[in-house]
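# Report on the structure
The chain contents come next:
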Amino acid sequence: MKITKVMVIGAGQMGSGIAQVCAQAGFDVKLNDINVASIEKGVQYITKNLSRNVEKGRLSEEEKASVLSRLTPSHNLSDAQDVDIVIEAAVENMEIKQSIFKQLDEITPKHAILATNTSSLPITEIAAATNRPEQVIGMHFMNPVPVMKLVEIIRGLATSDEVYQTVEQMSKDLSKVPVEVNDFPGFVSNRILMPMINEAIYTLYEGVASKEAIDEVMKLGMNHPMGPLQLADFIGLDTCLYIMEVLHEGFGDSKYRPCPLLRKYVKAGWLGKKAGRGFYVYE
């Protein structure tokens with residue numbers, strides 16, 4: 001199956017990034033969101049990224065204009081009636097995702113693949129909301145999407161080999177590196193990353209060291225580009241907490257129990273960089 005038309009649902013940072021790389025790869029892209037202001041903000045984000053690439057000599061003005069011409073704002077899911085694949089990047093909430101997929105199952109052509117960018121939720125459960133579970137698959141991009149090479153491709157229980165191969169090839173067309181992963185809570189990336197971040201928060205909570213010292217140890221000692229507490233701030237502490245809860249519930253293992261300090265910060269609204277304050281203060 002050849003993919004030419006794509007819809008990306010959710011015009012936040014992840015969705016906008018996915019829409020950008022798809023348009024850059026030559027696909028016709030509809031960027032969909034229920035919030036008109038979010039779509040405008042998403043298009044501005046993409047335009048800013050492309051302009052930065054022009055300034056650095058990676059793109060010409062003509063190429064930038066060509067990419068933007070392949071991008072169409074969409075406010076209605078019914079616009080998915082002629083696409084080959086939908087990549088959903090809405091909020092990490094099972095009820096919302098299942099509702100979107102149920103609607104897409106009725107709107108999209110019979111051949112269309114329904115993909116989700118979920119970072120931790122079960123693909124099989126999302127697929128159960130449709131009558132085409134064999135055409136539902138996970139495409140977990142990394143943030144920031146235009147920069148990061150990895151795409152975790154997650155098979156649901158019923159995902160067909162043909163759909164997997166089509167999505168694998170599309171990922172390569174986006175200049176990404178696809179890695180096949182099975183459908184377990186947190187997949188590979190977040191199952192390893194989030195407990196590390198959670199343990200770093202416990203280390204701070206128990207007074208083992210200051211936040212600066214914890215981050216410095218991991219940067220200088222383990223060659224990480226960013227310390228785990230700073231990284232948590234960039235991801236969003238609410239997102240970190242949510243993924244830890246998915247892991248804790250999914251495995252029923254106490255080693256995935258979210259640190260009380262993480263819960264306290266989220267309840268305080270200290271969600272990290274996006275809120276101006278997390279483990280660090282951002283002006």
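Residues numbered from 1 in each chain as written. Predicted model: local features only at pLDDT ≥ 70, side-chain atom pairs only at ≥ 80, totals over all residues. Heavy atoms only, no water.

Another point: the overall build of the protein. Scanning the protein from N- to C-terminus turns up eleven helices and eight strands. Computed over its C-alpha atoms, the radius of gyration of the protein comes to 19 Å, within 12% of the 19 Å expected for a compact globule of 283 residues. When its C-alpha atoms are laid out on the principal axes, the protein stretches across 55 × 45 × 30 Å. Within the protein, buried positions represent 48% of all 283 residues. Sequence separation of at least 24 residues holds for 67% of the intrachain contacts in the protein that already meet a minimum separation of 6. For the protein, the accessible area works out to roughly 13700 Å², and carbon and sulfur atoms hold 52% of it. (Helix = DSSP H or I, 4+ residues; strand = E, 2+ residues; numbered from the N terminus. Rg over C-alpha atoms; globule rule 2.2 N^0.38 Å. Buried < 20%, exposed > 50% of the residue type's maximum accessible area, 1.4 Å probe, protein only. Contact = heavy atoms within 4.5 Å. Areas by Shrake-Rupley, 256 points an atom, 1.4 Å probe, with all protein chains shown as cover.)

This brings us to the pattern of salt bridges. Within the structure shown, the criterion is met by eleven salt bridges. Of the charged contacts in the structure, one is a salt bridge between Asp105 and Arg132, with a shortest N-O distance of 2.8 Å. Here Asp105, found in helix α4 (residues 94-107), pairs with Arg132, found in the loop between α5 (123-127) and β6 (136-141); they are 27 residues apart in sequence, far enough to count as distant. Owing to a relative accessible area of 11%, Asp105 belongs among the buried residues under this scheme. For Arg132, a relative accessible area of 4% puts it in the buried group. A network of salt bridges, in which partner residues are shared, links Lys5, Lys30 and Asp82. (Salt bridge = Lys/Arg side-chain N within 4 Å of Asp/Glu carboxyl O.)

Next up on the list: helix α9 (residues 228-235). Along α9, the residues classified as buried are Pro228, Leu229, Ala232 and Asp233. With its buried residues spanning 145 degrees around the axis, α9 presents them on a single face. Immediately downstream of α9, the backbone of Gly236 shows phi near 110 degrees, a positive value. (Arc of directions from axis to C-beta.)

This part covers the UniProt feature "domain: 3-hydroxyacyl-CoA dehydrogenase NAD binding" (unreviewed entry) in the protein. As annotated by UniProt and renumbered to match this structure, "domain: 3-hydroxyacyl-CoA dehydrogenase NAD binding" (unreviewed entry) occupies residues 5-183. A distance of 27 Å separates the end C-alpha atoms of residues 5-183, which is 41% helix and 22% strand. (UniProt positions renumbered as here; feature names shortened; annotations may be inferred.)

UniProt records the feature "domain: 3-hydroxyacyl-CoA dehydrogenase C-terminal" (unreviewed entry) at residues 186-282, using the numbering of this structure. With 62% helix and 0% strand, residues 186-282 has its two end C-alpha atoms placed 28 Å apart.

Before going further, it helps to examine the packing of helix α7 (residues 189-205) against helix α8 (residues 211-222). Relative orientation of the contacting elements α7 and α8 amounts to 140 degrees, with a least axis distance of 9 Å. Considered as vectors, α7 and α8 are oriented oblique to each other. Relative to α8, the crossing made by α7 is right-handed. Judged by residue contacts, Met196, Ala200, Thr203 and Leu204 of α7 engage Lys211, Ile214 and Met218 from α8. (Axes fitted to C-alpha atoms, helices over the stretch in contact; angles between N-to-C directions. Parallel < 35°, antiparallel > 145°, perpendicular 65-115°, else oblique. Left-handed = near helix turned anticlockwise from the far one by under 90°.)

This part takes up the side chain of Thr116. Assignment of secondary structure puts Thr116 in strand β5 (residues 113-116). The exposure class assigned to Thr116 is buried, which follows from its relative accessible area of 0%. Polar side-chain contacts of Thr116 include one of 3.1 Å to the backbone nitrogen of Thr118. Setting aside residues no more than four positions away along its own chain, Thr116 makes contact with Glu88, Lys97, Phe101, Ile123, Ile126, Ile137, Gly138, Met139 and His140. (Polar contact = N/O pair within 3.5 Å; in protein donor to acceptor, adjacent residues only side chain to side chain.)

Look at the link from Asn143 to Pro144: it is a cis peptide, with omega at 0 degrees. Tracing the backbone through its elements, the reader meets Pro144 in the loop between β6 and β7 (150-155). Although it is not a glycine, Ser175 adopts a positive phi angle of roughly 65 degrees. Along the chain, Ser175 turns up in the loop between α6 (161-173) and β8 (177-182). The partly exposed category is assigned to Ser175, whose relative accessible area is 48%. In the Ramachandran plot, Asn223 falls in the positive-phi region, its phi being about 60 degrees despite a non-glycine side chain. On the basis of relative accessible area, Asn223 is assigned to the exposed category, the value being 68%.

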